[in-house]
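# Breakdown of the fold
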Amino acid sequence: LACGHWQVKKKKMAMRPGVILLREGTDTSQGKAQLVSNINACQAVADAVRTTLGPRGMDKLVFDGRKVTISNDGATIMKLLEIAHPAAKTLVDISMSQDAEVGDGTTSVVLLAGDILKHMKPFVEEGVHPQIIMRNVRNAGRLGVEKVKELSIPFDTTTPEGKEMLLKTASTALNSKLISSHKDLFAPMVVKAVQALDDGGNLDDLMSLIAIKQIPGGDVRQSFLVNGVAFKKTFSYAGFEQMTKKFKDPKVLLLNVELELKSEKENAEVRITDPEQYQSIVDAEWQVIYNKLDACVSCG
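The structure reproduced in this document is the subject of the present report. Sequence order as written defines residue numbering, which begins from 1 separately in each chain. Given that the model is predicted, a residue must reach a pLDDT of at least 70 before its local features are reported, and side-chain atom pairs must reach 80 or more before they are shown or counted; all residues, however, enter totals for whole chains, interfaces and linings. Only hydrogens and water are set aside; all other atoms, that is, all heavy atoms of the structure, feed into the side-chain values.

### What to know about the pattern of salt bridges
Think of a salt bridge as a Lys or Arg side-chain nitrogen and an Asp or Glu carboxyl oxygen that are within 4 Å of each other. Scanning all chains against the criterion turns up 6 salt bridges. Note that D47 and R50 form a salt bridge whose closest N and O atoms lie 3.0 Å from each other. Note that D47 and R50 are positioned in helix α2 (residues 32–50) at a spacing of 3 residues, about one turn of the helix. Between D64 and R66 there is a salt bridge whose closest N-O contact spans 3.6 Å. Taking relative accessible area as the criterion, D64 reaches 16% and is therefore assigned buried. Helix and strand definitions here come from DSSP, where helices need a minimum of 4 consecutive H or I residues and strands a minimum of 2 consecutive E residues; each element is numbered from the N-terminal end. Exposure classes here rest on a 1.4 Å probe applied to the protein chains alone. A residue is buried below 20% of its type maximum, exposed above 50%, and partly exposed in between.

### Digging into the pairing of strand β2 (residues 68–71)
A one-sided burial pattern is seen for β2, the buried positions being T69 and S71 and the unburied ones V68 and I70. In this structure, strand β1 (residues 60–63) lies alongside β2, joined through 4 bridges in antiparallel fashion. What sits directly across from K60, in β2, is S71. Between β1 and the antiparallel strand that follows it, β2, lie 4 residues; G65 among them carries a positive phi value of about 100°. At least two bridges found by DSSP between two strands are what make those strands a pair.

### Things to note about unusual backbone geometry
Positioned with a positive phi, D249 is a non-glycine residue whose angle comes to about 50°. Mapped onto the elements of the fold, D249 is located in the loop between α9 (206–209) and α10 (275–298). When its relative accessible area of 71% is taken as the criterion, D249 is described as exposed.

### Quick notes on the side chain of T107
Within the secondary structure, T107 sits in helix α5 (residues 106–125). The exposure class of T107 is buried, given its relative accessible area of 7%. In what follows, residue pairs with any heavy atoms lying within 4.5 Å of each other are defined as contacts. The contact partners of T107, leaving out residues within four places of it in the chain, are V49, T52, L53, N72, D73 and G74.

So, in structure tokens, the structure goes:
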């Protein structure tokens, strides 16, 4: 009897639900109603950027409490929107990913995701299992990619037709940017920079090898491409007006050491009894620099 009582008690303990502690105000809704709520939130975000798409898309004015931003770039607008709904935040994430990977189409991915959810909403309301919907959406995506590849027209970028198509593609990507009115200058500049990396086989390191240096003053039309390495250097020392500003076919020395006297990092203390000993310490410091300079000269 005692054994049977223990088994009943054990069964009751197993059936007892676990205690979950949630912060006050936490929404614990789930099931079909929550899925529909998620879809509605995502559609509201997609509607916010819908009117910015296309050549006749309108700009949005966004005030984030500190500054006012006017833009029709999807990624910029999505970044500035203070979205609290966790499901709607995923649209911000896909917009940021598109901007980082491609640099264009940030509005399109948000609208495409919103439209897919809009067409999935009736199936959710009818009780179709989410896994079935996901499986068919993935199949539709695979078929869509295959159809795009079938319709695509390959171009040889080494031919004049291919270069012209690259220019058109770059100009299209610049349409939603602040410099869209200067795309006749920047589109060829971007194409030349990317082709230079492609010729060297470094296209995978595109983001790290192409840098944009911003210099105050001047006009945006004064921008130019440096086919090499550029360092921002300000001449502020005495007599810099007389220094040569341009060198042709120079020898460039790259150093990972400093050619200057460095103070001791540690709290070192040197005790001397003779002024000549102090001079020997100074000479030793300068000798270190002279040795480095001799090594620089000897390497050519």
